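# Structural overview for review
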Amino acid sequence: MSEDRLAPLAALKGREHSHLLINEIYASIQGESTHAGRPCVFVRTTTCNLRCTYCDTAYAFTQGQAMAFDEVLCRALSFGIPLVEITGGEPLLQPLVPRLAQELLSRGTEVLCETSGALDIRLLPEGVRSIVDIKTPGSGEERANFYDNLKHLRPHDEVKFVLCSRQDYEWAREFVQREKLCERTTVLFSCAFKAVEPADLARWINEDRMPVRLNLQLHKYIWPPARRGV
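An account of the accompanying structure is given in this report. Going along each chain's sequence as written, the residues are numbered from 1 onward. At least 70 in pLDDT is required for a residue's local features to be given in this predicted model, at least 80 for side-chain atom pairs to be given and counted, and no such filter applies to totals for whole chains, interfaces and linings, which use all residues. Heavy atoms from the whole structure form the basis of all side-chain values; hydrogens and water molecules are not counted.

### Quick notes on the overall build of the protein
Helix and strand counts for the protein stand at five helices and nine strands. A run of H or I in DSSP counts as a helix once it spans at least four residues, and a run of E counts as a strand once it spans at least two, with each numbered from the N terminus. In the protein, the succession of α and β elements from N to C terminus is β-β-β-α-β-α-β-β-β-α-β-α-β-α. Among the 230 residues that make up the protein, the fraction classed as buried is 52%. Should any heavy atoms of two residues lie within 4.5 Å, those residues are considered in contact. When contacts within the protein are restricted to residue pairs at least 6 apart in sequence, long-range pairs at least 24 apart make up 71% of them. In the protein, the 28 positive side-chain charges and the 30 negative ones have mean positions that sit 2 Å from each other. Buried, partly exposed and exposed residues are distinguished by accessible area as a fraction of the type maximum, computed with a 1.4 Å probe on protein chains only: under 20%, between the cut-offs, and over 50%, respectively. The charge count includes Lys and Arg as positive and Asp and Glu as negative, but it does not include His or the ends of the chains. The location of each charge is read from NZ of Lys, CZ of Arg, CG of Asp or CD of Glu.

Structure below.
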């Protein structure tokens, strides 16, 4: 790896157990997963250890500020919305994320955590709904998949495949069938935006009778695709 992808975390040196590196916190409509369409607060952390070809939040690789734990928690709760997603970047790179999730849960909030699938989801408290990416060949990060996560999926978790091509679809189809994923959790097949047409993916899913959910990035159809904070 020619770049130090974790370099931004140096801003937390000595404060890893009192601060998080946060890119943005905002309220919007959940655009993905089985929770799509629900009002949701997003806590986006800074820094990611991966560089997926389709990434639409590259600004979160480096942009952000150190925020005290209590400030992050207070801000997430201030909207009065009982659904919070912790996302990134890669949230599991920051030691305080599990504690943040637990504090949100203890206040009656539903908590989603969207993670790249490259880190151990057992870091998260039991009540968190993990949305775990499985990186396809087209992502450029297939080698980063932490397959042990499959052993620890719970029925309320979800697994997402972002598909860049027909080849990615076939790879994901075989993976899901081989691992019997649909018998264990909800499986989402998502189009990499503008790389795979939703109508094509819908047809492939139907032709193969795949018991998966077609997952669109709803926010990119409501607002301009590059708009931030929505």
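After presenting the structure, the write-up continues.
### Describing the layout of surface pockets
Approximately 740 Å³ is the volume attributed to the largest pocket. Using protein atoms alone on a 1 Å grid, points that fit a 1.4 Å probe yet trap it form a cavity, whereas open point sets bounded by protein on both sides within 12 Å along at least five of seven lines form a pocket; residues with an atom within 4 Å of a point count as lining. For the largest pocket, the lining is made up of 42 residues, of which Glu32, Arg44, Asp56, Thr57 and Gln217 are closest to its centre. The set of elements that each furnish at least two residues to the lining of the largest pocket consists of strand 1 (19-29), strand 2 (39-45), strand 4 (83-87), strand 5 (110-115), strand 7 (158-163), strand 8 (186-191) and helix 5 (219-222). For the lining of the largest pocket, the per-class residue count stands at 18 nonpolar, twelve polar and twelve charged. Grid points are joined across faces, edges and corners, and a volume is the space filled by probe spheres set on the points. Only Asp, Glu, Lys and Arg are considered charged, only Ala, Val, Leu, Ile, Met, Phe, Trp, Tyr, Cys and Pro nonpolar, and every remaining residue, Gly among them, polar.

### Some points on helix 4 (residues 198-207)
The set of residues buried in helix 4 consists of Leu201, Trp204 and Ile205. For helix 4, the buried positions fall inside an angular range of 100° around the axis, keeping them on one side. What points out from helix 4, more than 90 degrees from its buried face, is the exposed set Ala199 and Asn206. Packed against the buried residues of helix 4 are strand 7, helix 3 (166-179), strand 8 and strand 9 (213-215). Positive backbone phi, at 55°, marks Arg209, one or two positions downstream of helix 4. Here the arc refers to the directions that run from the helix axis out to each C-beta atom.

### Topic: the pattern of salt bridges
By definition here, a salt bridge exists when the distance from a side-chain nitrogen of Lys or Arg to a carboxyl oxygen of Asp or Glu is within 4 Å. Applying the stated criterion to the full structure yields 23 salt bridges. Put simply, Glu110 and Arg38 hold a salt bridge, and the shortest N to O gap is 2.7 Å. You can see Glu110 sitting in strand 5 and its partner Arg38 sitting in the loop between strand 1 and strand 2, a full 72 residues away along the chain. Its relative accessible area of 27% is what places Glu110 among the partly exposed residues. The partner of Glu114 in a salt bridge is Lys160, with the nearest N and O atoms 2.4 Å apart. Placement of Glu114 in strand 5 and of Lys160 in strand 7 is noted, with a sequence separation of 46 residues between them. The class of Glu114 is buried, set by a relative accessible area of 15%. Through salt bridges with shared partners, a single ionic network connects Glu3, Arg5, Arg51, Glu141 and Arg143.

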